[in-house]
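Here are the chains, one letter per residue:
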Amino acid sequence: MRNKSLLGKPVIIGGSSDRGVVASCSYEARKFGVHSAMPGKLAQRLCPDAIFIKGDMDLYSEYSRKVTRIIEERAPVVEKASIDEHYIDVTGMDRFIKNTLLWTKELRQTIIKETGLPISFGLSVCKTVSKMATNEAKPNGEKYIEPGTEKAFLAPLSIRKIPGIGAKTYVLLSNMGIEKIESIQKMSKEAMYKAMGENGESIWRKANGIDNSPVIPFHEQKSMSTETTFSKDTADLVKLKNVLTGMVDESAFSLRKMKKVTACVTLKLRYSDFDTHTFQTHIPYTAADHILLRKVLELFKKNYQGKPLIRLIGIRFSDLISGLNQVDLFDDTEEMINLYQAMDRIRKRYGDTAIRRASSVKPRKALRMGKD
């Protein structure tokens, strides 16, 4: 949209340096085998003519909110599954409109007209098939799977197209001689369970277009917060920053465990006279410690100069949506990503406080989950 000269060319968002990582890429670059989370150097070898540009997560988040607002103004039930993915339940809308397919087409055209973004949709009886149909409609297309034709639509597709199948599962199924979804459809659910346990049964259901999971309304936004009340009121800036550091580390790790990202950071300060203030800022979706900590400390520095004494301090992450930390690859290096993965593995094995920043203090109170 901002640079029309890039249209039709292999474009890679990310860095091509030794430690750079691919955040995303155009369809022209994908033809060469380039994909997200790939080292930039490898992407450059696969696609020597690729144009590398730096991502703008602030702009992406802004447009994500624009698209969400357009959908929420028109659709009855909306689930924002990630920064660029929404599920919409149009069940029962045929009582008010003549054709749900036509309504969906019109919604797509409205988004395109008001944002300038290419939009794809898949319309079917369930979330799994709709997601897969959307992927088949890309780029900038639409696909309607009529009720009763789900299995026929899925059958010729590669098992790679099934949501949730990663590299290890793909290798395992390939070794079993399974390459197409049709092969799974011909197997019994019991056979898949015997071969792969509960994951096998889940894959069998998806392969057969069976998915009863509901669309969870986006307005039921969850939040995460933690706070500490000091035994003695304090204005010690070093102590307060250390406490905030520990809170951010633990909360960000919890986000990543839940595969969530946040777009809103809130700082809470309660003074010795019980006067309480909150300070909030919106940010690009993330679950990275160093980004969240920087924002929290910026709020703290801007709104507290050492007086009066503080009785309680806390942080809150809200506007949570599903998403992996890959949304931070626009600024992160491969080294930084590997560091996060290594730290999270240590925490999962030995406990949340097994590895922390040297400046953080003793473990904080348990996190609380709530609804906005």
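Let me sum up the structure you'll find in this document. Just so it is clear, the model here is predicted, and its values are computed rather than measured. (Residues numbered from 1 in each chain as written. Predicted model: local features only at pLDDT ≥ 70, side-chain atom pairs only at ≥ 80, totals over all residues. Heavy atoms only, no water.)

### Things to note about the pattern of salt bridges
1) Next: Following the criterion strictly, the structure yields 13 salt bridges and no others.
2) Next: As a salt-bridge pair, Glu62 and Lys66 come within 3.7 Å of each other at their nearest N and O atoms. Of this pair, Glu62 and Lys66 both sit in helix α3 (residues 57-74), 4 residues apart, roughly one helical turn. (Salt bridge = Lys/Arg side-chain N within 4 Å of Asp/Glu carboxyl O. Helix = DSSP H or I, 4+ residues; strand = E, 2+ residues; numbered from the N terminus.)

### A word on the packing of aromatic side chains
1) Next: Going through the model one piece at a time under the given rule, you end up with 2 aromatic pairs.
2) Next: Aromatic side chains Tyr271 and Tyr304 sit 6.4 Å apart centroid to centroid with 20° between the ring planes, which places their arrangement in the stacked category. Here Tyr271, found in strand β9 (residues 260-271), pairs with Tyr304, found in the loop between α11 (289-303) and β11 (310-318); they are 33 residues apart in sequence, far enough to count as distant. Tyr304 matches Tyr271 in its accessibility class, with the two residues each being buried. (Phe/Tyr/Trp six-rings, centres within 6.5 Å; stacked < 30°, edge-to-face > 60°. Buried < 20%, exposed > 50% of the residue type's maximum accessible area, 1.4 Å probe, protein only.)

### Quick look at the environment of Ile145
1) Next: Relative to the assigned elements, Ile145 resides in the loop between β7 (142-144) and α6 (150-154).
2) Next: Linking Ile145 and Val125, residues 20 residues apart in sequence, is a C-alpha distance of 8.0 Å.
3) Next: Those residues within four positions of Ile145 in sequence are excluded, and the remaining contacts are Leu123, Ser124, Val129, Ala133, Glu150 and Phe153. (Contact = heavy atoms within 4.5 Å.)

### Quick notes on helix α10 (residues 237-257)
Residues spaced three or four apart along an α-helix point in a common direction, a consequence of the helix completing one turn every 3.6 residues.
1) Next: With 21 residues, α10 should cover 30 Å at 1.5 Å per step; its first-to-last C-alpha distance of 30 Å lies within 8% of that length.
2) Next: In terms of residue burial, α10 counts as a mostly covered element, since 16 of its 21 residues are buried.
3) Next: The residue sitting at the N-terminus of α10 and contributing the capping side-chain oxygen is Asp236; that oxygen lies 3.1 Å from the backbone nitrogen of Val238.
4) Next: Backbone geometry just after α10 places Lys259 at a positive phi near 55°. (Expected span 1.5 Å × (residues − 1). Polar contact = N/O pair within 3.5 Å; in protein donor to acceptor, adjacent residues only side chain to side chain.)

### A short note on the pairing of strand β1 (residues 11-14)
1) Next: By the alternation rule, side chains of β1 split into Val11 and Ile13 and Ile12 and Gly14, which are all buried.
2) Next: Both β1 and strand β3 (residues 51-53) contribute to a ladder of 3 bridges, which runs parallel. Directly across from Val11, in β3, lies its bridge partner Ile51.
3) Next: Bridge count between β1 and strand β2 (residues 22-25): 3 bridges; the pairing is antiparallel. (Pairing = 2+ DSSP bridges.)

### Some words on the side chain of Lys80
1) Next: As for its position among the elements, Lys80 is in strand β4 (residues 77-82).
2) Next: One buried charged residue, Lys80, forms no salt bridge at all, with the nearest opposite charge on Glu72 at 8.2 Å.
3) Next: Here Tyr285 takes part through its side chain, which lies 3.1 Å from a polar atom of the side chain of Lys80. (Lys, Arg positive; Asp, Glu negative; His and termini not counted.)

So, to be careful, I would describe these as geometric facts and stop short of saying anything about function.
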